[in-house]
2 protein chains.
Amino acid sequence: MNPDLAQERRRATFDPEQVTSLLYRGPENVRKRRYLQNAAIQDQVLRGSKPWAFQSRVEQYETALQMFIYMMKKLDEMGVTDPLERMYYQEAGAPHYYNPMALHTGMFIPSIEKQGTKEQKERWLPMARSLQLIGTYAQTEMGHGTFIRGLETTASYDPSNQEFVLNSPTVTSMKFWPGGLGKTSNCCLVMAQLITQGKKRGIHLFFVQIRDLKTHRHMPGVESGDIGPKFGFNSNDNGYLKLSNVRIPRENMLMRYSKVLEDGTYVPPTNQRIGYGTMVFVRAHIVTNSARGLSKACVIAIRYSAVRRQTEVSPGGPEAQIIDYQTQQYKLFPLLATAYAMYFTGRYAEDYYEQIASEIEAGNLESLNQLHAVCAGLKAFSTWACTAGIETCRLCCGGHGYSHASGIPKLYTYYTPGCTYEGENNVMMLQVARFLMKIYPDIKRGGPIHEFVQYLGADLTQKSCMTEEVALGCLLKAFQHRAARLLSDAAARIENLVRSGKSRQEAWDASTVALTWAAKAYCHTFVVRTFSQIVSDAAVDKSTKDVLTALCKLYAIDGIIENLGEFIEDGFFSPHQVSFLKNKLADLLAEIRPNAVALVDAFDYPDKTLDSCLGRYDGQVYPALYEYAKNSPFNEQEVLDSYHKFIKPAQTEQSQRAPMARL
Amino acid sequence: MNPDLAQERRRATFDPEQVTSLLYRGPENVRKRRYLQNAAIQDQVLRGSKPWAFQSRVEQYETALQMFIYMMKKLDEMGVTDPLERMYYQEAGAPHYYNPMALHTGMFIPSIEKQGTKEQKERWLPMARSLQLIGTYAQTEMGHGTFIRGLETTASYDPSNQEFVLNSPTVTSMKFWPGGLGKTSNCCLVMAQLITQGKKRGIHLFFVQIRDLKTHRHMPGVESGDIGPKFGFNSNDNGYLKLSNVRIPRENMLMRYSKVLEDGTYVPPTNQRIGYGTMVFVRAHIVTNSARGLSKACVIAIRYSAVRRQTEVSPGGPEAQIIDYQTQQYKLFPLLATAYAMYFTGRYAEDYYEQIASEIEAGNLESLNQLHAVCAGLKAFSTWACTAGIETCRLCCGGHGYSHASGIPKLYTYYTPGCTYEGENNVMMLQVARFLMKIYPDIKRGGPIHEFVQYLGADLTQKSCMTEEVALGCLLKAFQHRAARLLSDAAARIENLVRSGKSRQEAWDASTVALTWAAKAYCHTFVVRTFSQIVSDAAVDKSTKDVLTALCKLYAIDGIIENLGEFIEDGFFSPHQVSFLKNKLADLLAEIRPNAVALVDAFDYPDKTLDSCLGRYDGQVYPALYEYAKNSPFNEQEVLDSYHKFIKPAQTEQSQRAPMARL
C-alpha cells in the first residue's frame, strides 16, 4: 500500500461504508453488488489475456462477443434477472468492452415486449432469449437522427399478398449507427415510414430478418456492414443497412398500438405518445450512467493526485502531493460533488419514472409531459457535465492521463456519445424550454402547477438571503431565482420580437440561445434541489452528513461561480454576498481535502472495474505503469522489422552522400 | 458540388483570398504553401493505401516512418529548409500520422545546435542530418514532469577515467514519454542531475547512445521500449529509458554554457536562464499550432452544418440546414472567431519572440521575463481554448462526429496533449501570475512598465463606456478593466491572508485559484488586443475588413458573456449595457451566418489535409461516409470467423435447452 494513500484513509473523518450504502440503496444491495463483482473478478474465463488497448479491433470485438455470451449464460445460471445487477457483474467482468449484443437485450427484446402483440411476443421472444434471433434497433439513418419524423426508410403495404415492402430509397436513408447491426445481428426492428392505401402514416416499427438463421449470410435485398472505426466503442459493430425491396409479412409490423388490416386499412394508436415510455426510461437511466462514468474518472484522478508529488514546497524539501494544490482541488472537488449530485439525481429520476410509468401503463398520460421534460433535460445536463468532467479528470493526471494505462481516455470515449444518442442534447434542452414556455402562462397566473416548476412564478425583484454562513436554503433559492429570471427573460425576448413584427416561429428561432439558458438553469436547479434533499433525508451519522453537506454546498457554490453573471446581472446578489460565496468556496476545498480519497473509495469500484494503473486502490501507480509499458506489443521484439525495412535503407542511402563518421 | 455549399459560397460578401493572404502573410507565401501542398497531394508514394483508422498500430507506425523518411528526402531534394514550409508539405503528405522522428529534427538537432560546443556540433550534426544518428530529447521521467528540478536521473562524473556514469536510481526516475525513444532512436539527449566532486550541480544535458548504430540493439546498461498505446499519437513510439551505470565520455555533456573540467571542476553558466530560449520558442509556436487544430475542426463542422439538414421549419416543408439554428451558430461561430484570434495571436507571439530572441542571443536578458510570461500564458490559454473547441465542433456534427470518418476525434487526440506538454497549463498560468505579482508594485506606483501591462494600473472605479453600438474600443477596455481588477483582487487576498498571520508562501498557496483567474484574464486581454490590432491594421478591402471586425467583436462579446460575472461583479457594466452585449451577440451570429463557409474556406486546407468525410470541399458527405463504411476491414468477410467461433455454439447450446422454432 502506498503510504500516502494509507494516510489519506486514516485521516478521513467519516465512514465510507455509510456513503456506499446510501449510493447503492442500502447494505443489502451493497452486499449483492459486491458478491456479483467478486464472482466476475474471480472467474478464470473472464480474467482475459491482455489489456484491451493491446488488441486489434477484431480481437476486441471477438473478446467482447465471447465474454458477453459467457456472462449471459453465467447470469442465467445464477438466476440474476435484474438489469442493474447484471450490469454490476458485467462491469466487473468485462469493463474494457462494449457488448455487441447490448441492443439485443436493451432495446430489441424490450421493444417487442412493449410494442408487440401477444402473438408477436410468443413468436419472437423465446427465439430472442435463446439467441436464435439476435436483434437490434434500427432507427437512426445516415441523414436523420433526433428528428425521427424525417426518417426516409419506407414500408409500403401491398395488400395483394399482405406484405410490406421495405426500401432505402436514398443514400441518406440507409440505417447507420445501430449497435450490433454490422456483423452480429440476424434481425432488427426497423423504424420506417408506413405507407398504405397511398398515404404516409408516420413512422412505425417492423421486424426484419437481415441474415439467414443458419448461415448468417445476408437475406435477399439486404446489404449491411460495419460502419468502420470510431473514437471509441470499437468492440461494437455499429452498422449500416440498405434495404432494396425487402418483403416481410403483414404480421411483422409491431401492432400493439397501431395496426394495418389485411386490406390495408390503417388503424392509428389511441394516443400518439404511447410509445414515449421506453425513450423516457432510457433517458432517466443515462443520468445515473453518466454519474458512473464521472465517478470512475474521479476515483482515478483523486487517488492519483494523492500519490503524485510535484514541486517542492520549500527549497530542498519534499515535493507536495498534487492534491494539496488549491488549483487541483478546484478542478477535482467540484467534479467529485458533481458525480454525487448526478448519482442522486439519476436515482431520483428513475424512481420518478417508475411512479409515472405505472400511471402511463394504466392509460393516464397526465404527467407524461412533466416526466418527459425532466428526463430530456437531465439527460442532456448530466451528459454534458459528466463527460466534460471526465476530460478534466484526465487532464488533472498530467501526461499519464493521456496513456490508455490511465483508463480515462476509454471512459471519455465511452460516455461522450451520451451527449448525442437518445436525443441530441441541444434538442433536448429546447424540448425542456418548450415545455416550460407552454406552462409559463399557468405559472404567471399562479394556477395549480407541479411542485417541480412552482418556484418559476416567484417574485423576481426579491434579493438573496445569503449570509456569510452560506446556508443550503439560500443557495437553492438563488438557483430558483436564476431559473425563473432566465425563463422570464426568454419569454420577454420572444414577446418583443413578436411585437416587432416577427412570426411566433421566427421569434422562437431567434431566441433559442436564451431559451437554452433558461432550460439549463431549470435542470441545474433540479439537481441542486435533489442533491440537498437526499442529503438532508439521508439516514447517516453526523460526521457523514457533514461531509455530504459540504459536497452539496460545494456543488451549488461552484455552479454559481461558474455561471456568476446569470446570478448577478439583475443584482440578486450584492458584491458582498458574492465575496461570501468565494470565501466559502475556498474554505470548502480545504474542508473536503482530508476526505477526498475516502469519498472516492465510497463509490466502491474494484480495481478491475476501473482498469487503471493510476487509480489502483493500493496506489502502486509507477510499478503498474512500468509493467504496462513493458508488455506493450511493440516491445515483443528488441528491434522492429521496420528498422530493417525503412531506417537502415535510409541510412545507407544518406551515408552514400555523406560518408559515415565514427562516434 | 453539393448545392447548399455552392450557394453558401455565392452568398459570401467578401473575397476569401484576401483573408487567406492575411492569415499566411501575403500572396507569395500563399503561393508557396499551395505549391508544397499540391506537390505532396500529387505524389504517388504519399497517396497511401487505406485510411489510418483501418490500420493496426504497427502499420500506423510503419507507414509514418516510411512516409516521413520519404518526405525528408523529397524536401531536401526540393531545397526546402524553412520549418514552416516543410510542415505544409508534411501536413498534406501525411496528415494522418505523427512523425516518429519529430523530436529528432525538432528538439535533438536544435538542442545540439544551441547548447553544444563547436566540437560537439562538428561531431554529431553531420551524422544526425544523415540519419546515422537518430536522436530524441529525454527529459520527462515517470515521476517528474513540469518541475524539472525534481528530475532524478543522475550523471556522476568519474575523474579517474573522465567519464560520466548515468543512472536511473528508482522506478520514478525512468525517462517516460519522449517521442521516438521507444524503438526509433539510437541516441538521445538525457536531462540529468549532474554530480561532480561530491556535489549536485543541477540538471544538464548529456548525449547518450542507446542503441548500436549497426544492429540497433541496446547498448550495455540500457533498457528501453515503447510505453504502450495512448489516446492518440499511436504512430509514435513514445518511450521509456532505464539507465544502469551507463558510461559516457566527458565530452558528451553539452558544454556550451556550463562545463565540467577534466578534474571534475564545475564551471556554471554565466546566466542560469540562458537555456530558456528554446522553451519559449516552442511555446510561442504552440499558439499557432493550436489555432491550426481548431481551424481544421471549424472547417469540418461548419461545412457539414451547411450540408446537414435536420427538422422541418414549417410542417411538411424541407428540413433546415443545421447552420441556420441559432444554437448551432452560438456554438460554432465563436469558435471560428477563436481560431482566427489564436492564429493572429500566435503570429504575433512568434514575431515578438524573434525580436526578443536576437536581444537574448546578444546577452541582453531584460525582456526575457516579459516574453517568458507572455508565451507561457498564451500557450496555456490557446491550448485550453482550442482543444475544448475541437470537441465542441465534434459534438456539433452529431453522431457522425464520433466516427473516425469525420476526422475530428483524431484532431482532438492530436492537439489535447498541448495542454500538458511543454509546461502543464495550470503551472503556466501560475507563472504568469507570479510575473504579474512581481511587477505589481511597479504597476501601482505607475513606474515605467511595458505597454503589455500598463493598463493593469488603471483606475478600478471607472465604469464602462459601452453603448448600443458596442465599439471594439469599449470591448477592449472591458477586458483590461477585468484583468486589472482580478489582479488587484488576488493581490488583496494575499495581503489579507498575510495580515491574518499566514506566511507569504501559505498565502500564495491559498490564493492560486484567484491568481489563475487573474492570469487568464491577462491572457484573454492580450488576445483581444492582438486580434483587434491586426484586423484594424490589415490591408484588405472594406467588405473583408467588415467581416473580420464582426468576428473580432464576436470573439470579445462571447468572451464577456461566457465570463460575465467577472465583468459585472463590481458594477463595471450596468444591466442595460449587458443587454446591449446580448443583443449584439445575437445580431453578430446572424451577420456572420452568410459568410461562415467562406470564412472557413479562407483557411485554405486541401481536403487531404482535413482527412474528413464531413469536411469535404464539395460537400459530398453521405457518399463519402458510405464509402468509408464499405471499406471497413470488418466488411472484408460477409460472415466473420467469430460467428462460427462464438455465436453459433451459443445458439446450439441454448437451443438444446429451448428447441428452435421456425420463424
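Criteria and cut-off values
- Residues numbered from 1 in each chain as written.
- Chains lettered and ligands numbered in written order.
- Predicted model: local features only at pLDDT ≥ 70, side-chain atom pairs only at ≥ 80, totals over all residues.
- Heavy atoms only, no water.
- Helix = DSSP H or I, 4+ residues; strand = E, 2+ residues; numbered from the N terminus.
- Contact = heavy atoms within 4.5 Å.
- Buried < 20%, exposed > 50% of the residue type's maximum accessible area, 1.4 Å probe, protein only.
- Arc of directions from axis to C-beta.
- Disulfide = S-S within 2.5 Å.
- Least-squares fit on C-alpha atoms with pLDDT ≥ 70 in both.
- Salt bridge = Lys/Arg side-chain N within 4 Å of Asp/Glu carboxyl O.
- Polar contact = N/O pair within 3.5 Å; in protein donor to acceptor, adjacent residues only side chain to side chain.
- Nonpolar A, V, L, I, M, F, W, Y, C, P; charged D, E, K, R; others polar.

**Student:** Just to check I follow, could you spell out the side chain of Gln-577 of chain B for this structure?
**Tutor:** Turning to its location among the elements, Gln-577 of chain B is positioned in helix 19 (residues 575-592). Contacts of Gln-577 of chain B, omitting those with residues within four sequence positions, involve Ser-464, Cys-465, Met-466 and Phe-572 of chain B.

**Student:** Looking at this structure, I do not really get the environment of Leu-294 of chain A. What am I missing?
**Tutor:** Relative to the assigned elements, Leu-294 of chain A resides in helix 8 (residues 276-307). Ignoring anything within four residues of it in the chain, the contact list for Leu-294 of chain A reads Leu-335, Thr-338, Ala-339, Cys-386, Gly-389, Ile-390 and Cys-393 of chain A.

**Student:** Honestly, helix 1 (residues 3-11) of chain A in this entry has me stumped. Any pointers?
**Tutor:** Side chains of residues three or four places apart in an α-helix project in the same direction, reflecting 3.6 residues per turn. Residue and element names in this part refer to chain A. Considered for burial, the residues of helix 1 that qualify are Asp-4, Leu-5, Glu-8 and Arg-9. Axial view of helix 1: buried residues confined to an arc of 135°, hence all on one face. Pointing more than 90 degrees away from the buried face of helix 1 are the exposed residues Pro-3 and Arg-10. In this structure, the buried residues of helix 1 make contact with helix 8, strand 12 (309-312), strand 13 (319-321) and helix 20 (596-601).

**Student:** What's the story with the state of the cysteines in this structure? I'm lost.
**Tutor:** Think of a disulfide as a covalent bridge from one cysteine sulfur atom to another cysteine sulfur atom. Residue and element names in this part refer to chain A. A complete count under the given rule lists 2 disulfides over all chains for this structure. Bridging Cys-465 to Cys-474, the disulfide has an S-S length of 2.3 Å. Taking the sign of the S-S torsion, -135° for the link of Cys-465 and Cys-474, the bridge is left-handed. Cys-298 supplies the cysteine sulfur nearest to Cys-386, a cysteine that is in no disulfide, at a spacing of 8.7 Å.

**Student:** Is there a simple way to explain the relation of the copies chain A and chain B in this structure?
**Tutor:** Mapping chain A onto chain B calls for a rotation angle of 180° and an axial translation of 0.0 Å; the resulting RMSD is 0.1 Å. Overall, the copies show the geometry of a two-fold rotation axis. Nearest to the rotation axis, the C-alpha of Gly-565 of chain A is located 1.9 Å from it, this being the minimum over chain A. When the interface residues of chain A are mapped onto chain B, 100% of them again fall at the interface, so both copies present the same face.

**Student:** Help me understand the interface of chain A and chain B in this model?
**Tutor:** The figure often quoted for interface size is the accessible area lost as the parts come together. Contacts between chain A and chain B engage 138 residues on the former and 139 residues on the latter. Put simply, chain A and chain B have 10 salt bridges between them. When the shortest N-O distance is used, the salt bridge between Glu-62 of chain B and Lys-645 of chain A registers 2.8 Å. The interface formed by chain A and chain B includes 64 residue pairs in polar contact (both at pLDDT 80 or more). Residue composition of the side of chain A that touches chain B, by class: 62 nonpolar, 44 polar and 32 charged.

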